[in-house]
Amino acid sequence: MSDERPEKPLPELRASDADRDRVVERLRDAVAEGRLDMEEFEERLEAAYTSRTYAELEPLTRDLPAPAGGPVARPGATTEPWTGRIGGAGSSATAVAVMSGFQRKGRWTVPARFDAVAFWGGGELDLREADFAQREVVINCVAVMGGIQITVPPGVEVDVRGFGFMGAFDQRDNPGPAEPGAPRVVVTGFAFWGGVEVKVKKRKRPLEGPSLRKEL
């Protein structure tokens, strides 16, 4: 008699953050296509982020067709989370803050090289919702008596090469193993009496209410 426990059926398996994100992306597309109204979208969005198993996620897209004629990614399917997010032209290539600040966040495209300068000021580059012009991008930072913060999602490969003189280039968090197809972000530059910090955070939940309607 074997002591091995039988494998759980798929519906009972725990869903991952990537599974939930895939369902949310399909729901967003469905709103843009006019298949869901905002009330239905918000109800399913809340259900998606509170789902724990595949069985709870699957009904949320059951009545939606495959996007653009392609197959709908079943929760737990082995698809690259970065498919469709690499390639194209950069949204902007430079950000400068002189006794002020700058931000790049939300959905934007990181070019092959991005130059960020903070002089007596601060800047924020949030790559969690970003697309990437190439598989490898370089972010060159110059921080003089100022600071620049770069936020990446888990699974992105990060290579910090900057130099600090009475300043610092700091990568406090480990992004974990690189995901299949994930981009590589190289952070270079110089910090004088300032700092450049790389943080790893999970992707944000989509906005809700009026802000979400504006985004869509």
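Treat the numbers as computed from the prediction; the structure is a model and nothing was measured.

The rules we used
Residues numbered from 1 in each chain as written. Predicted model: local features only at pLDDT ≥ 70, side-chain atom pairs only at ≥ 80, totals over all residues. Heavy atoms only, no water. Helix = DSSP H or I, 4+ residues; strand = E, 2+ residues; numbered from the N terminus. Buried < 20%, exposed > 50% of the residue type's maximum accessible area, 1.4 Å probe, protein only. Contact = heavy atoms within 4.5 Å. Expected span 1.5 Å × (residues − 1). Arc of directions from axis to C-beta. pLDDT = per-residue confidence, 0-100. Phe/Tyr/Trp six-rings, centres within 6.5 Å; stacked < 30°, edge-to-face > 60°. Pairing = 2+ DSSP bridges. Axes fitted to C-alpha atoms, helices over the stretch in contact; angles between N-to-C directions.

### Here we look at the overall build of the protein
Okay, step 1: Helix and strand content of the protein: four helices and 13 strands.
Okay, step 2: Here the protein holds 216 residues, and 38% of them are scored as buried.
Okay, step 3: For the protein, the share of sequence-separated contacts (at least 6 apart) that also reach a separation of at least 24 residues comes to 68%.

### Some details on helix H2 (residues 38–50)
Okay, step 1: Its 13 residues give H2 an end-to-end C-alpha distance of 18 Å, which sits within 8% of 18 Å, the value for a rise of 1.5 Å per residue.
Okay, step 2: Of the residues making up H2, those classed as buried are Met38, Phe41, Arg44, Leu45 and Ala48. Projected down its long axis, H2 shows its buried positions confined to an angular sector of 130°, all on one face. Looking at H2, the residues exposed on the side facing more than 90 degrees away from the buried face are Glu39, Glu43, Glu46 and Thr50.

### So, helix H1 (residues 17–32)
Okay, step 1: Between its first and last C-alpha, H1 extends 23 Å over 16 residues, near the 22 Å set by a 1.5 Å rise per residue.
Okay, step 2: Among the residues of H1, those classed as buried are Asp19, Arg20, Asp21, Val23, Val24, Arg26, Leu27, Arg28, Ala30 and Val31.
Okay, step 3: One or two steps after H1, the chain reaches glycine 34, where phi turns positive at roughly 85°.

### Notes on the confidence of the model for the protein
Okay, step 1: For the protein, the mean per-residue pLDDT works out to 81, and 81% of the residues sit at or above 70.
Okay, step 2: For the protein, per-element mean pLDDT is lowest for helix H4 (residues 209–215), which scores 48, and highest for strand S4 (residues 113–119), which scores 96.
Okay, step 3: pLDDT under 50 marks residues 206–211. Its contacts with residues more than four places away, or in other chains, come to eight contacts.

### Examining the packing of aromatic side chains
Okay, step 1: All told, the structure shown has five aromatic pairs when counted by the stated rule.
Okay, step 2: For the ring pair tryptophan 108 and phenylalanine 114, a centre distance of 5.6 Å and an interplane angle of 70° mean the geometry is edge-to-face.
Okay, step 3: In this structure phenylalanine 114 comes out as buried when scored by relative accessible area, which is 0%.
Okay, step 4: Ring geometry for phenylalanine 119 against tryptophan 120: centres 5.8 Å apart, planes inclined by 5°, an arrangement best described as stacked.
Okay, step 5: Taken together, the aromatic side chains of Phe165, Phe192 and Trp193 make up a single cluster linked through ring pairs.

### Some points on the sheet that holds strand S13 (residues 195–200)
Okay, step 1: Across the sheet, which stays open at both edges, the five strands sit in the order S2-S5-S8-S13-S11 with parallel pairing between neighbours. What marks the edges here is a single partner per strand, and that holds for strand S2 (101–104) and strand S11 (168–171). Recorded for the sheet is a direction-independent mean angle of 10° between the axes of neighbouring strands.
Okay, step 2: As paired elements, strand S5 (residues 122–126) and strand S8 (residues 147–152) share five bridges and run parallel to each other. The residue bridging glycine 122 from the neighbouring strand is glycine 147, located in S8.

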